[in-house]
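Breakdown of the fold
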Amino acid sequence: MITGTAKLVVDLGNSETRVKTIYGKTAKGNVRERLSIIDNRYSIVPDEKLDLYLKGDTYSSESSYVFERNGIYYCNGDVCNIEMAQTSFRPTALEKKYESKVTLFTLINAFRQGIEDVAIFSNCDSDNVDVDWEVYLLLPPEDLEAGSQAIASMVKSIEDINFLMPELYKKISISKVKVFPEGMCAFFGVLFSSKGIVRKGYDYLMNPVESTVIFDIGAGTTDIVMIRGSQIVQSSRFTKEIGGNNVHRLVQRSLRSKGISLPDEVVREGVNTGYVKSGSRSIDIAEEIASAKQAVSNQLVDAVQEFFESSMISIRTISNILVCGGGAEVSSNKEIKPISDYIVNYMKRLSPDIKLVKIPEDEEGNPVSSRLLNINGAGILAE
């Protein structure tokens, strides 16, 4: 039986949740960790269809999950997205993460993933994993006071998990729950390469006279916070209900005005690639994307200026801007500028000496995904 303490770091998103499992060390003394992505779409499985999905050969436990909670069966993954797309539900920007039933389901799914990860680390079956869990969660800075206790209680309410796909029943022992602020975790994900080791060229961010404003752009909201040195300025925390979805909607609206009506998923992909297909015709939408990103950036910066002025914080005191989150991802088309460029250019109109914090590179020399900065930082804080 595999025992000890494992750490589960959970970054709850709207479209997906990032889960990092930390357990033990390698032969070289490095921390063993594994990052996974969980789809946030769930659906109730009707009793009459349960055996059809479980006993058929269409779906496997590698990409489809079915679990029981309070006598009701739920599914996630391929079986949900293909069979239950019309009845599925997912998080929305209108519902706080610490109040959402989807958060509970995602935490159950995260424990399943964590157990499987520990089994992989230990080269054993999941049934042989019997560890205590330390759980680390992320919430928007604005929600910490109201939500930390609520989401911790939600975690502790999960006394066991019962999966039918894959077959896994396990009692859950939780020794610790801690909540970190999003944005600040991204800051630490940039500042540190691992616990206690500052990345070369980033030590200036720790200077007490340096102020860094973080734009954490999600699908439906952007969380904004200022860090001075390595401490959050409490009065700077706020959330604006604008995110990456607004870019997609503006592009879609612009295309419709030209008589081009396309499904949402096609437009989303087009925002990444720079073009869409209408029938056999390929349409360059770089101009529409640039216009949409400029409009969204202007709204975000205007919101920052208005909020900071009401909080007696001068824009001129800001030294750096860090832009992270899924809504800030770099497009696959290198000709399309990231939204961070538009934000920093507009901020420079208000304070010319502000500079953009460069996203660090991974071991292969590629920029770290802005979507992963928060969970990377939380993982460092959890070590």
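Up top you'll find the structure we're talking about.
What this report covers is the structure whose coordinates are included nearby. Since the structure is predicted, the reported quantities are computational estimates derived from the model, not experimental observations. (Residues numbered from 1 in each chain as written. Predicted model: local features only at pLDDT ≥ 70, side-chain atom pairs only at ≥ 80, totals over all residues. Heavy atoms only, no water.)

1. Quick word on the packing of helix α5 (residues 184-191) against helix α10 (residues 373-382)
The following threshold applies: Between the N-to-C directions of two axes lies an angle of 0 to 180 degrees, each axis being a line fitted to C-alpha atoms and, for a helix, fitted only over the stretch in contact. Only runs of H or I of at least four residues qualify as helices and only runs of E of at least two qualify as strands under DSSP, and these elements are numbered from the N terminus. Geometric relationships in this document are graded by angle, where less than 35 degrees denotes roughly parallel, more than 145 denotes roughly antiparallel, 65 to 115 denotes roughly perpendicular, and other angles denote oblique. We call two residues in contact when some of their heavy atoms are within 4.5 Å. Nonpolar residues are Ala, Val, Leu, Ile, Met, Phe, Trp, Tyr, Cys and Pro. Charged residues are Asp, Glu, Lys and Arg, and all others, Gly as well, are polar.
Their axes nearest at 6 Å, the elements α5 and α10 cross at an angle of 80 degrees. The angle between the axes of α5 and α10 places the two elements in the roughly perpendicular class. Contact residues: Cys185, Ala186, Phe188, Gly189 and Val190 in α5; Leu373, Asn374, Asn376, Gly377, Ala378, Ile380 and Leu381 in α10. A class-by-class count of the residues in the contact of α5 with α10 yields 8 nonpolar, 4 polar and no charged.

2. Focus on empty space enclosed by the protein
Gaps left between atoms are located by rolling a probe of water-molecule size over the structure's atoms. Put simply, the rule is: The rule is simple: put a 1 Å grid over the protein atoms alone, call a set of points where a 1.4 Å probe fits but cannot get out a cavity, call an open set with protein on both sides within 12 Å along at least five of seven lines a pocket, and count a residue as lining if it has an atom within 4 Å of a point. Grid points are joined across faces, edges and corners, and a volume is the space filled by probe spheres set on the points.
Tallied over the entire structure, the rule returns 1 cavity of 30 Å³ or more. Roughly 30 Å³ of volume is contained in the largest cavity. If you go around the largest cavity, the residues you meet are Ile115, Val129, Asp130, Val131, Trp133, Lys170, Lys171, Ile172 and Ser173.

3. Digging into the packing of aromatic side chains
Condition: Two rings from Phe, Tyr or Trp (for Trp, the six-membered ring) form a pair when their centres are within 6.5 Å of each other. A pair whose planes differ by under 30 degrees is stacked, one over 60 is edge-to-face, and the rest are tilted. Residue burial is assigned from relative accessible area. The probe radius is 1.4 Å, only protein chains are included, and a residue is buried under 20% of its type maximum, exposed over 50%, and partly exposed in between. Think of it as a cone above the ring: NZ of Lys or CZ of Arg counts as a charge over the ring if it is within 6 Å of the ring centre and within 35 degrees of the ring normal.
One pass over the structure, following the stated rule, counts 14 aromatic pairs. Arranged with centres 4.2 Å apart and planes meeting at 20 degrees, the rings of Phe238 and Phe307 form a pair that is stacked. Of the two residues, Phe238 sits in strand β16 (residues 238-240) while Phe307 sits in helix α8 (residues 286-310), which places them 69 residues apart along the sequence. Overall, the relative accessible area of 22% leaves Phe307 in the partly exposed class. Feature note: the residues Tyr42, Phe67, Tyr74, Phe89, Phe105 and Phe163 constitute an aromatic cluster, connected by ring pairs. Across the ring face of Phe89, the terminal group of Lys101 is positioned such that the distance to the ring centre comes to 4.5 Å. The residue whose ring lies beneath Arg112 is Tyr65, and the NZ or CZ to ring-centre distance is 3.7 Å.

4. Points about the sheet that holds strand β6 (residues 72-77)
Basically, it comes down to this: Two strands pair under a simple rule: DSSP has to find at least two bridges between them.
Taken in spatial order, the 5 strands of this open sheet run β4-β6-β5-β8-β9, and their pairing is antiparallel. Of all the strands in the sheet, just β4 (42-44) and β9 (167-171) have a single pairing partner and so form its edges. Taken pair by pair, the neighbouring strands of this sheet meet at an average axis angle of 25 degrees, ignoring direction. Both strand β5 (residues 64-69) and strand β8 (residues 160-165) contribute to a ladder of 3 bridges, which runs antiparallel. By the bridge assignment, Val66 is partnered in β8 with Met165. Each of β5, β6 and β8 is contacted by helix α1 (residues 47-55), which is oriented at about 65 degrees to β8, the strand it contacts most. Contacts between helix α3 (residues 101-122) and the sheet are confined to β4, β5, β6, β8 and β9, with β8 contributing the most and set at about 80 degrees to the helix.

5. Re the side chain of Ser319
In this fold, Ser319 is placed in the loop between α8 and β19 (320-324). A relative accessible area of 18% places Ser319 in the buried class. If near-sequence neighbours (up to four positions away) are discounted, Ser319 is found in contact with Val209, Glu210, Ser211, Asp353, Ile354 and Lys355.

6. Observations regarding the layout of surface pockets
Here the second largest pocket defines a volume of roughly 650 Å³. Forming the boundary of the second largest pocket are 20 residues, of which Lys20, Glu33, Ser193, Glu363 and Asn376 lie nearest the centre. Those elements that provide at least two residues to the lining of the second largest pocket are β3 (31-39), β11 (192-194) and α10. Among the residues making up the lining of the second largest pocket, the classes are represented as 6 nonpolar, 6 polar and 8 charged.

7. Thoughts on the pairing of β5
Where burial is concerned, most of β5 is hidden: 5 out of the 6 residues are buried. Sheet topology note: the β5/β6 ladder contains 6 bridges and is antiparallel. Within β6, the position partnered with Val66 by the bridge is Cys75. Here β5 folds back onto β6 in antiparallel fashion, the turn holding 2 residues, of which Asn70 has a positive phi close to 55 degrees.

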